[in-house]
Amino acid sequence: MRESSPMSNSPSPNGPTLLLRYTDGGVTPTQLREYISDAGFFQPLRQTLGLYVHIPFCRTRCRFCSFYIEPHRVQQVRAFLQAAIQEIEYYAHHIGLRDVPVETVYVGGGTPTTLHPQELNGLLQAIRTAFMVRPWAELCVEGHPASLTLEMISALVKAGWNRLSLGVQSFDVRELRMLGGRPSTRVTQQALRLAKAVGFHNINVDLMYGLPGQTLETWRASLEDLLAFAPTHCSCYALTVEEGSIFFEESTRGRMVEPDPALQNAMEAMASSALQHAGYEQYEISNFSQPGYACRHNQRYWRDEPYLGLGPSAQSCLGSLRFGNVGNLSAYCSILRNERLPIDELDFRSSEQVARETVVFGLRLLQGVPDKKVSPLLQAQTEWKRALQSLKDEGLLVHERGRLRLTALGRRYADTVAVALL
Ligand code: SF4
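Residues numbered from 1 in each chain as written. Predicted model: local features only at pLDDT ≥ 70, side-chain atom pairs only at ≥ 80, totals over all residues. Heavy atoms only, no water.

Colleague: Is there a simple way to explain the site of the ligand in this structure?
Modeller: Taken together, C58, T60, R61, C62, F64, C65, F67, I69, G110, T111 and R182 make up the full set of residues near the ligand. Residues of the shell around the ligand, tallied by class, amount to six nonpolar, three polar and two charged. (Near = heavy atom within 4 Å. Nonpolar A, V, L, I, M, F, W, Y, C, P; charged D, E, K, R; others polar.)

Colleague: Even after reading the chapter, I still don't get the pattern of salt bridges, so can you show me in this structure?
Modeller: Note on pairing: side chains with opposite charge can pair once their charged atoms come close. Within this structure, the stated rule accounts for 12 salt bridges. With its nearest N and O atoms 3.4 Å apart, the salt bridge here joins E103 to R134. Of this pair, E103 sits in strand β6 (residues 101–109) while R134 sits in strand β7 (residues 132–143), and the two are 31 residues apart along the sequence. On the basis of relative accessible area, E103 is assigned to the buried category, the value being 17%. R349 is paired through a salt bridge with E357; the nearest N and O atoms lie 2.8 Å apart. On the basis of relative accessibility, which here comes to 2%, the residue R349 falls in the buried class. The exposure class of E357 is buried, given its relative accessible area of 7%. Through salt bridges with shared partners, one network takes in D304, R322, D347, R349 and E357. (Salt bridge = Lys/Arg side-chain N within 4 Å of Asp/Glu carboxyl O. Helix = DSSP H or I, 4+ residues; strand = E, 2+ residues; numbered from the N terminus. Buried < 20%, exposed > 50% of the residue type's maximum accessible area, 1.4 Å probe, protein only.)

Colleague: Can you walk me through the domain arrangement of the protein chain in this structure?
Modeller: Here the protein chain is partitioned into domain 1 (18–348) and domain 2 (351–421). The interface is formed by 14 residues belonging to domain 1 together with 14 residues belonging to domain 2. Approximately 1,300 Å² of surface area, both sides summed, lies buried where domain 1 meets domain 2, with 48% of it carried by carbon and sulfur atoms. There are three salt bridges connecting domain 1 and domain 2. (Domains from an automatic or database assignment. Contact = heavy atoms within 4.5 Å. Buried area = accessible area lost by both parts, 1.4 Å probe.)

As structure tokens, then:
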């Protein structure tokens, strides 16, 4: 192992943030257990956990995507699954998380359904064997409409997955072609029908707006197609051109027209009104659900509740400790083969950072953040108090009925608010 910072002294969780960065080699389970303990994770008696597993494989790269992915190859899949099961067992048995109740399991990617259903179910079985997964846990798997065959859906339902999340992005043929890596509208509609008929009651559909060439009419048509299926949950995201995506390359070469912010705002307003009119609640900036179907896993991130990420590039946060896995499949597998955890970044958040992040993440939820989370910062941080006041004066934040919330304008500028308050 080659370290750029020594790991021999445990940093204090209440001191300044220490960033420990590994160039390779990972961390021993004993070292990590000590850090998690120092971060105060094992102290509260009622601690719970959300598990995220990153499946890094896709058949092709969508043009807007900047995630870490690998092309699907049988050998690599085999090596990944072996390593992931080893990682699960390390956390349960060596780190001591096996008795912490798991409330949510979210398998995302990448495209989890590039794996065979038996492989996905084997992963779920390994998690259930190693951890204390609650009987009522949300068990969500992301799927690509093109890989959702009858065999796949039936096997997933039978194994107990109770939520399916589909990256549909658009129901418009031309937009799907432009996004790349997407199936036809017909295939998507068939997959949605099949998933419902075979037994997935709780389904999320992701849609994207602000796409090149998209108009208010095509966006309205996509929303209508979505509502015709009445999924329990819908995420509507504005296209952002991220570094590392094909769109980014095209945009830097002047071959792509950047999304028009005014049109994006109009599309956002249209989605919000259409979905709310159809009975969906907007509970987060980009997320809508039928009553009782808000995504329990994602809410953990916004409530700053503990989560453990498994798989290449997955991120974790346990108490004040935050750490991330190496974003490279072969390094991930080889570090685990060497009986270490494939972590390449780790830092302790100071108590002030935890308090600020709890407020900033919580503001993404429409219900906002309760006073008891805001007051300690107001009392101790004069500069923070000033920043908060100026955001209120600009009409981005409002304090009412014991909670701090983003206004409708603030939701549009949520990133600006986050930067000011972090
Ligand atoms: S399917 Fe998802 S992860 Fe894979 S390339 Fe497309 S957007 Fe990226």
